[in-house]
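Secondary and tertiary structure notes
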Amino acid sequence: MPQREVTLRAPAKINLFLEVLGRRPDGYHDLETLMVPIGLWDHLYIVDDPDGRVTVRCHWATGLTKSRDGQDAASQGWPPLPQGDENIAARALLLLRERAGVEHGATLTIEKSIPSAAGLGGGSSDAATALLAGNELWKLSWSRDRLSELAAELGSDVPFFLADRAAICRGRGERIELVESYCRWPIVVVCPPEGLSTAAVYRECGATAEPPADARSAAPLVEALCSGDLRRVAESLFNRLQPPAARLSAWIDRLRHDFAAQGCIAAQMSGSGTSYFGLCRTALEAQHLAAKLRGAGHARAFATTML
Ligand code: C5P
């Protein structure tokens, strides 16, 4: 019998809005954030292992890691990818296998295109997609709500990636409210060669237990997104983590400057950085903007769209 294989795509995300509402006793932060999946994907290939082993291998997509002068990922300073049980997708499969009482195992290969430590949610998306892949491979028929409970144990952003659409995320990020019907615009994403640790950016944010005096709500942005008002979406973009990230990496202010210099309607950092995105009116405008930013020295600038 041919070996059963499941192939799935794991999208990246951007945060159009992120407010930090306070530091919690458990060290995490209460958030209100609006996340949207985007058209940049890791690919996951999973096959059954009747001997019960869970094996995970992870590599950069071919062609992605070679710079113009032929340097590979390591010599360009890209962080090494977590292999085996260190990979959050392996932890996802092991957790699902244990909770569902599955005897079989799986071999998962992850072909990465989403840069790490970039605020694009690559690891979290791989973990959510590994749960979906295991669910299908082992024919478990678990609902998304049931998978979501495991997802929240794996990481704050993981439940969002089971939703497959824009959502307002609260708590430490695991409480999801879906945005039902919304407009998708083209965007340009730039990933600088240097990433930031999420934990370090939250520490630098210096939040107290109380919400900041000027705390904002995601409501105006959600309204603008749903009514298709790009001007108001542009005015409502917000990320409380951008100033602390800019103190830790000079790339943030450089990107802010470079997007503004190209006349982009609105741009900001995604998540805890260091990726930066800009909104565009049309796909053509996004392609032109990405080309200009590459010309300005940002090798990893690409045009895509909100999903
Ligand atoms: O949950 P996750 O493993 O993705 O979080 C990584 C780190 O980011 C946490 O260890 C914590 O330092 C920080 N974090 C936080 N508050 C959140 C989410 C993440 O402080 N809501």
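Reference entry: report on the structure contained in this document. Everything numeric here is computed off the predicted structure, so don't read it as measured data.

1. Focus on the overall build of the chain
- For the chain, the count of helices and strands is ten helices and eleven strands.
- Taking 307 residues into account, the globule formula puts the C-alpha radius of gyration at 19 Å, and the chain, at 19 Å, falls close to it.
- Along the first, second and third principal axes, the C-alpha set of the chain runs to 60 × 50 × 35 Å.
- Relative to its 307 residues, the chain shows a buried fraction of 52%.

2. Some details on the environment of Leu-289
- By secondary structure assignment, the location of Leu-289 is in helix α10 (residues 283-295).
- A relative accessible area of 6% means that Leu-289 is categorised as buried.
- Taking C-alpha positions, Leu-289 is 47 Å from Arg-99, a pair spaced 190 residues apart along the chain.

3. Focus: unusual backbone geometry
- Note the cis peptide between Gly-273 and Thr-274, where omega equals 10°.
- Assignment of secondary structure puts Thr-274 in the loop between β9 (266-269) and β10 (276-279).
- You will see that Ala-117, though not glycine, has its phi angle at about 50°, which is positive.
- In this fold, Ala-117 is placed in the loop between β4 (105-112) and α2 (122-137).

4. So, the packing of helix α1 (residues 88-100) against α2
- Two elements in contact, α1 and α2, have axes whose closest approach is 8 Å; the angle formed by their N-to-C orientations is 35°. By crossing handedness, the relation of α1 to α2 is classed as right-handed. Taken together, the residues of α2 that come into contact with α1 (itself represented by Ile-88, Ala-89, Ala-92, Leu-93 and Leu-96) are Gly-123, Asp-126, Ala-127, Ala-130, Leu-131, Gly-134 and Asn-135.
- Considered class by class, the residues forming the contact of α1 with α2 number eight nonpolar, three polar and one charged.

5. Details of the site of the ligand
- Taken together, Gly-27, Tyr-28, His-29, Leu-31, Gly-155, Ser-156, Arg-172, Thr-198, Ala-199 and Tyr-202 make up all the residues around the ligand.
- In this structure, Ser-156 approaches the ligand through a side-chain N or O atom, which is 2.6 Å from an oxygen atom.
- Separating a nitrogen atom of the ligand from a backbone N or O atom of Arg-172 is a distance of 2.9 Å.
- Of all elements in the fold, only β2 (29-49) and α5 (198-205) reach the threshold of two or more residues within the shell around the ligand.
- Of all the elements, α5 adds the most residues to the shell around the ligand, at three residues.
- Partitioned by chemical class, the residues of the shell around the ligand number four nonpolar, five polar and one charged.

6. Some remarks on the side chain of Asp-42
- Mapped onto the elements of the fold, Asp-42 is located in strand β2.
- Within the local environment of Asp-42, its side chain forms a polar contact with the backbone nitrogen of Ser-113, the two atoms lying 2.7 Å apart.
- If near-sequence neighbours (up to four positions away) are discounted, Asp-42 is found in contact with Leu-8, Arg-9, Ala-10, Ile-110, Glu-111, Lys-112, Ser-113, Ile-114, Gly-122 and Asp-126.

Conventions we followed
Position labels on residues start from 1 in each chain and follow its written sequence. In keeping with the model being predicted, local features are shown solely for residues with a pLDDT of at least 70 and side-chain atom pairs are shown and tallied solely at 80 or more, while totals for entire chains, interfaces and linings include all residues. By convention in this description, side-chain values take in all heavy atoms of the structure and omit both hydrogens and water. In this description a helix means any DSSP run of H or I spanning at least four residues, a strand means any run of E spanning at least two, and both kinds are numbered starting from the N terminus. Here the radius of gyration uses the C-alpha set of atoms, whereas the globule reference equals 2.2 Å times the residue count to the power 0.38. Under the scheme applied here, a residue whose accessible area is under 20% of the maximum for its type counts as buried, over 50% as exposed, and between as partly exposed, the area being computed with a 1.4 Å probe on protein chains only. Fitted lines through C-alpha atoms give the axes, limited to the stretch in contact for helices. The angle between two N-to-C directions lies from 0 to 180 degrees. Crossing chirality is assigned from the near helix's rotation relative to the far helix, an anticlockwise turn below a right angle marking it left-handed and a clockwise turn marking it right-handed. Whether two residues are in contact is decided by their heavy atoms: any pair within 4.5 Å suffices. We call Asp, Glu, Lys and Arg charged. Ala, Val, Leu, Ile, Met, Phe, Trp, Tyr, Cys and Pro are nonpolar, and the rest, Gly among them, are polar. Whether a residue is near a molecule or strand depends on its heavy atoms: if one lies within 4 Å, it is near. Pairing of N or O atoms within 3.5 Å defines a polar contact, subject to two protein rules: one partner must be a possible hydrogen donor and the other a possible acceptor, and residues neighboring in sequence count only if both atoms are side-chain atoms.

Geometric values such as these leave the question of function open.
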